Amino acid sequence: PRTIYLKDYKVPDYLIDHTELTFDLDPQATLVKSRLKVRRNPAADPGDSGLPALWLDGVDLELLSVSINGKLLPAQRYQEMTGGLLLAVETPEFELEVQNRIAPESNTSLEGLYLSNGMYCTQCEAEGFRKITFYPDRPDVMSIFTTTIVAPASYPVLLSNGNKIDSGTTQDGRLRVTWEDPFAKPAYLFALVAGDLQYVEDTFTTSSGREVKLQLFTEARNIRKCEHAMVSLKHAMRWDEEVYGREYDLDIFMIVAVDHFNMGAMENKGLNIFNSACVLASPETATDAAFQRIESIVAHEYFHNWSGNRVTCRDWFQLSLKEGFTVFRDAEFSADMNSRAVKRIEDVTVLRTAQFAEDGGPMSHPVRPDSYMEISNFYTLTVYEKGAEVVRMIHTILGPEAFRRGSDLYFERHDGCAVTCEDFVVAMEDANDADLKQFRRWYSQAGTPVLDVEDRYDEDKGEYTLKIRQHTPDTPGQKDKLPLCIPVTTALLGADGKELPLNQAGATETTLLLTEACQEFVFGNIKERPLPSLLRGFSAPVKLRYDYRDHQLQFLMRHDSDEFNRWDAGQRLALNALAALQVQFRAGEALRTPDALIAGYASVLGNGALDPALVAKMLALPSAQELAEQEGEIHAAAIIAAREFVRNAIADALKPEFLARYRQLDQRTPYSAEAADIARRSLKNTCLAYLCATMDDDALDLARSQLARGENMTDSASALGALVEFGPVEDAEQHLESFYQQWQQDTQVVETWFGLQSTSASYGTLERVQQLLGHSAFELTNPNKVRAVIGGFAMRNFKQFHKEDGSGYEFLSDQVIALDKLNPQIAARLVTPLTRWKKYAASDAGLIKSALQRIAECGSLSRDLFEVVSKSLS
Ligand code: DPP
Ligand code: ZN
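These numbers come from a predicted model, not from an experiment.

*Asks:* Help me understand the overall build of the protein, please; the structure alone is not making it clear to me.
*Replies:* Of the regular secondary structure elements, the protein holds 28 helices and 31 strands. The C-alpha atoms of the protein give 28 Å as radius of gyration, which agrees with the globular expectation for 874 residues (29 Å, within 12%). In terms of its C-alpha atoms, the protein occupies a principal-axis envelope of roughly 85 × 65 × 60 Å. Put simply, the protein has 874 residues, and 51% of those count as buried. A sequence separation of at least 24 residues applies to 70% of the contacts in the protein between residues at least 6 apart.

*Asks:* How do you make sense of the UniProt feature "domain: Peptidase M1 membrane alanine aminopeptidase" (unreviewed entry) in the protein when you look at a structure like this?
*Replies:* Per the UniProt record, "domain: Peptidase M1 membrane alanine aminopeptidase" (unreviewed entry) is annotated on residues 232-442. Secondary structure over residues 232-442 splits into 55% helix and 9% strand, and the C-alpha atoms at its two ends are 32 Å apart.

*Asks:* Looking at this structure, how should I read the packing of helix α16 (residues 675-693) against helix α17 (residues 697-709)?
*Replies:* Working note: a packed helix pair is described by the angle between its axes plus the distance between those axes. It is the contact of α16 with α17, at a shortest axis distance of 7 Å, that shows an interaxial angle of 135°. By the angle between their axes, α16 is oblique relative to α17. Contact residues: α16 offers Leu-688, Leu-691 and Cys-692, while α17 offers Ala-699, Leu-700, Leu-702, Ala-703 and Gln-706. Of the residues contributing to the contact of α16 with α17, the split by class is seven nonpolar, one polar and no charged.

*Asks:* Which parts of the structure should I look at to understand the environment of Leu-822?
*Replies:* Within the secondary structure, Leu-822 is located in helix α24 (residues 807-822). Note: C-alpha distance between Leu-822 and Asp-435 (387 residues apart in sequence) is 48 Å.

*Asks:* Help me understand the nonpolar core, please; the structure alone is not making it clear to me.
*Replies:* Most often, soluble globular proteins keep nonpolar side chains buried together rather than apart. Within the largest apolar cluster, 246 residues are counted, with the highest numbers of intra-cluster contacts made by Val-193, Ala-194 and Val-256. A per-element tally of this core places α16 first, with 10 residues. Three or more residues apiece are contributed to this core by two domains, here domain 1 (4-196) and domain 2 (349-545). Excluding residues within four positions of it along the chain, Val-193 makes contact with Met-119, Tyr-120, Cys-121, Leu-159, Val-256, Leu-271 and Ile-273. Membership of the second largest hydrophobic core comes to eight residues, among which are Tyr-464, Leu-492, Leu-493 and Leu-502.

*Asks:* Quick question: what am I supposed to make of the domain arrangement of the protein here?
*Replies:* By a frequent convention, interface size equals the accessible area lost on bringing the separate parts together. One can read the domain layout of the protein as domain 1 (4-196) and domain 2 (349-545). Contact residues are listed per partner, giving 10 residues for domain 1 and seven residues for domain 2. Class assignment of the residues belonging to the side of domain 1 that touches domain 2 gives a composition of eight nonpolar, no polar and two charged.

*Asks:* What's the story with the site of ligand 1 in this structure? I'm lost.
*Replies:* Lining the immediate environment of ligand 1, one finds Glu-125, Met-263, Ala-265, Met-266, Glu-267, His-300, Glu-301, His-304 and Glu-323. Every element with two or more residues in the shell around ligand 1 is listed here: β20 (265-266) and α2 (288-303). Looking at the shell around ligand 1 residue by residue, the class counts come to three nonpolar, two polar and four charged.

*Asks:* Would you explain the sheet that holds strand β7 (residues 78-81) in this entry?
*Replies:* In any sheet, the strands associate via hydrogen bonds between backbone groups, in a parallel or an antiparallel arrangement. Spatially, the three strands line up as an open sheet ordered β4-β8-β7, and their pairing is antiparallel. One side of each edge strand has no neighbouring strand; the edge strands of this open sheet are β4 (54-57) and β7. The average angle at which neighbouring strand axes cross in this sheet is 20°, direction not considered. Two strands pair when backbone bridges link them, and β7 and strand β8 (residues 84-87) are joined in this way by four bridges, in the antiparallel orientation. In the sheet register, Tyr-78 faces β8, and the bridge partner there is Leu-87.

*Asks:* Help me understand the packing of α17 against helix α18 (residues 713-726) in this model?
*Replies:* α18 packs onto α17 with a crossing angle of 140° between their chain directions and a minimal axis gap of 8 Å. By the angle between their axes, α17 is oblique relative to α18. Regarding α17 and α18, the two cross each other, and that crossing is left-handed. Where α17 approaches α18, its residues Leu-700, Ala-703, Arg-704, Gln-706 and Leu-707 are matched on the opposing element by Asp-715, Ser-716, Ala-719, Leu-720, Ala-722, Leu-723 and Phe-726. Broken down by class, the residue content of the contact of α17 with α18 amounts to eight nonpolar, two polar and two charged.

*Asks:* Explanation requested: the pairing of strand β19 (residues 252-258) in the structure shown.
*Replies:* Two faces, one strand: in a regular strand the side chains alternate between the faces of the sheet. Burial analysis of β19 places six of its seven residues in the buried class, the great majority of the element. For strand β18 (residues 211-218) and β19, the ladder comprises five bridges, and the chain directions are parallel. In the sheet register, Leu-216 faces β19, and the bridge partner there is Ile-255. Once you follow β18 into helix α1 (residues 227-244) and on to β19, the crossover reads as left-handed.

*Asks:* Any chance you could explain the pairing of strand β12 (residues 143-151) here in plain terms?
*Replies:* Counting buried positions over the nine residues of β12 gives eight, a clear majority of the element. Here strand β2 (residues 14-24) runs beside β12; their pairing, made up of seven bridges, is parallel. Looking at the pairing, Thr-22 lines up with Thr-148 of β12. Here β12 runs beside strand β15 (residues 175-185); their pairing, made up of eight bridges, is antiparallel.

*Asks:* Please explain helix α27 (residues 842-857) as it appears in this structure.
*Replies:* Residues three or four positions apart in an α-helix share a direction because the helix packs 3.6 residues into each turn. For α27, spanning 16 residues, the distance from its first C-alpha to its last is 22 Å, which sits close to the expected 22 Å at 1.5 Å a residue. Listed in full, the buried residues belonging to α27 are Asp-844, Leu-847, Ile-848, Ala-851, Leu-852 and Ile-855. Seen along its axis, α27 keeps its buried residues to an arc of 135°; they face one direction. Opposite the buried face of α27, at more than 90 degrees from it, the exposed residues are Ala-842, Ser-843 and Glu-857. For α27, the secondary structure elements touched by its buried residues are α14 (636-653), α24, α26 (832-835) and α28 (863-873). Positive phi shows up at Gly-859, right after α27, with a value of about 70°.

The rules we used
- Residues numbered from 1 in each chain as written.
- Chains lettered and ligands numbered in written order.
- Predicted model: local features only at pLDDT ≥ 70, side-chain atom pairs only at ≥ 80, totals over all residues.
- Helix = DSSP H or I, 4+ residues; strand = E, 2+ residues; numbered from the N terminus.
- Rg over C-alpha atoms; globule rule 2.2 N^0.38 Å.
- Buried ≥ 20, exposed ≤ 12 C-beta atoms within 10 Å, placed from the backbone.
- Contact = placed C-beta atoms within 7 Å.
- UniProt positions renumbered as here; feature names shortened; annotations may be inferred.
- Axes fitted to C-alpha atoms, helices over the stretch in contact; angles between N-to-C directions.
- Parallel < 35°, antiparallel > 145°, perpendicular 65-115°, else oblique.
- Nonpolar A, V, L, I, M, F, W, Y, C, P; charged D, E, K, R; others polar.
- Core = buried A, V, L, I, M, F, W, Y, C linked by C-beta atoms within 7 Å.
- Domains from an automatic or database assignment.
- Near = placed C-beta within 6 Å.
- Pairing = 2+ DSSP bridges.
- Left-handed = near helix turned anticlockwise from the far one by under 90°.
- Right-handed = clockwise from strand over helix to strand, strands pointing away.
- Expected span 1.5 Å × (residues − 1).
- Arc of directions from axis to C-beta.

As structure tokens, this is what we get:
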């Protein structure tokens with residue numbers, strides 16, 4: 001496969017002012033007619049040899065005819081080639097009509113037009129439109145779309161972008177609907193849906209008083225699961241008006257739920273398409289985590305209407321322009337709707353666990369990549385989550401009012417345009433007369449920076465000095481990184497746990513702006529030796545090293561007024577304990593009880609003043625995956641042994657406290673998805689998990705009775721999970737079976753049920769996971785099922801996946817090879833755990849590498865999988 005470089009970007013030779021599509025739907029032979037108003041791009045390089053040929057992307061299409069200005073084109077005027085169609089051009093403006101055929105039923109890649117449970121739907125981002133018809137499939141070609149859909153009467157709902165402008169019946173009794181989207185858009189935002197769907201409807205009145213119709217479509221059996229998404233949508237619409245001054249622009253906004261979907265959701269103009277798991281929820285069937293995920297994804301896709309659709313990306317290297325910004329927007333929305341600290345903790349945990357690993361692995365790339373083979377491989381945590389951190393840092397450095405001025409200017413200046421990350425930064429600068437020259441390096445340098453912090457206190461002068469060094473490690477293709485501009489939000493704590501004033505005005509928190517490789521920051525008038533609270537709120541996506549002692553971390557856990565850092569102190573304490581235990585394990589020593597950590601946890605558990613959701617987070621040990629990310633060389637067995645030992649030690653030492661807190665929080669009140677209620681259940685179920693870790697029968701009985709009560713899916717799934725992990729096997733099997741009997745008709749619950757088994761360190765053995773693949777509810781063609789069973793095992797079941805015999809690795813490579821034939825995007829994602837082989841201790845590394853080589857050697861890989869595998873082996 002060819003590598004595509006950012007430096008080779010050229011503006012398109014031709015523009016498409018209008019795109020008129022007609023679909024005649026049929027599972028095996030859908031006829032697509034496309035009529036394009038084509039015009040020479042005045043901004044294109046004029047060249048010296050007349051009009052250049054027009055390139056139209058097209059993949060897996062059966063070409064039927066090509067006409068120009070109504071005349072059928074002779075075959076010598078165009079050439080069908082791999083990946084598209086090249087057309088000789090004679091006039092600078094013309095109308096092009098192409099007819100082609102596609103087979104949605106055979107499309108298992110879930111890109112382009114396909115069928116999901118008999119419903120037609122599309123996914124065009126990034127380059128799926130070329131699987132529908134021949135087109136300049138690039139985001140800087142923006143066009144007005146008119147779409148006509150013709151389908152049998154068994155598909156009463158026919159949807160596309162924009163407003164419905166016509167509908168009727170054809171002579172042979174089929175239905176016909178025409179939609180027009182008045183906003184010019186790139187092809188990746190095109191969408192079509194056809195099916196026998198029900199919907200719920202609501203309205204939203206915008207700040208300027210326009211009424212917008214809101215519709216959520218789903219199969220009839222799911223119609224009762226739409227309310228939460230609808231409420232979330234209205235909250236998001238209001239929030240974007242209040243916080244960003246952004247109003248919705250069409251008369252109708254539609255969401256459709258689809259069972260087979262590669263991503264979480266897609267922001268097609270006026271017609272968002274969602275993975276069912278990211279939109280459908282009811283208290284009986286969805287966990288609190290699902291409720292919160294839905295709220296944030298509904299908001300995310302809605303926010304794209306401005307950050308992505310009205311202002312879009314010039315090319316796919318700029319993906320973070322819309323994704324980083326929109327993730328930042330949805331994170332702030334969720335923070336405003338729920339607990340800000342808890343949202344931040346969750347996001348940072350993902351970043352540290354998975355994005356840092358990506359930054360340090362073979363696919364490492366900057367927020368704005370320089371090259372790719374397959375763009376689908378760059379819908380990454382780096383582009384999304386680190387990209388959001390970069391926007392957050394601009395927000396921190398400029399302050400909220402200045403940031404808003406910058407975003408206002410950005411939207412105003414670039415409305416209707418396809419632009420770059422650079423344009424975003426320039427708008428932030430221009431609106432505020434700011435200089436972000438050095439800051440831009442965050443977009444071009446890959447890798448996670450490391451900050452080493454030392455301090456000293458001069459009692460005589462009353463001076464406290466922080467000395468900070470920064471260093472960004474080499475990454476593939478990038479050496480010798482330059483210093484970044486890094487905001488380090490800081491406070492200093494006195495012996496009484498209170499923050500010390502840092503200036504005359506009495507400010508107690510400051511953001512230090514690190515710009516040099518090594519820099520000193522001096523605080524005057526400091527009356528006692530302080531304890532620093534550094535990188536508050538995780539003000540930059542870096543690894544911060546400061547030699548905190550255990551008692552200092554316990555102190556911060558009790559006193560830091562920054563809730564994020566309070567949690568982080570507990571995490572550092574746990575990491576210290578777990579690192580020490582890994583050393584003991586590998587030396588064959590008896591493992592020593594982590595007393596400092598237990599004391600720290602005891603004080604948190606007993607603190608009734610803290611938000612229970614925060615307490616739950618503070619009592620959660622870092623995952624095995626996160627521990628692996630901490631190590632220079634990963635010893636899987638040591639990580640598992642250390643983590644289980646600590647968990648059991650905490651469970652045994654604090655059993656009475658966990659029990660008391662569980663009883664106090666176990667209230668029989670009706671379910672609500674309000675933050676306070678979610679917080680209560682989250683701490684309650686954290687206590688339950690620790691109680692069950694003792695494996696005592698009285699504790700397991702609590703789980704049994706909670707499961708039997710079945711009040712809501714959060715409590716049921718937590719109880720079942722605890723029984724599967726810690727209960728006797730026959731018991732677990734029986735509970736799993738009756739749970740399945742109860743819920744087998746509900747797709748989302750079945751996904752949860754699969755996940756509970758595949759991720760269980762004790763129950764989820766390879767043998768059981770293989771059995772699940774043979775289960776009647778499992779489908780290799782459904783990404784959610786694949787993620788629940790295979791992904792759950794390979795990415796969230798560290799213990800069973802890393803069995804010393806390498807059986808987990810072999811299994812994963814078999815599955816990836818099989819999947820690649822069906823769905824390359826999913827195959828390329830699923831292979832991720834194998835790509836990190838270099839970080840593992842020798843014996844594991846060899847086994848992982850050979851599993852990877854087996855994939856490489858099986859030939860005819862998709863471009864998606866080839867890119868990941870070849871980069872991982874080089
Ligand atoms: N649908 C994906 C997202 O919203 C890609 N744009 O992030
Ligand atoms: Zn997005």
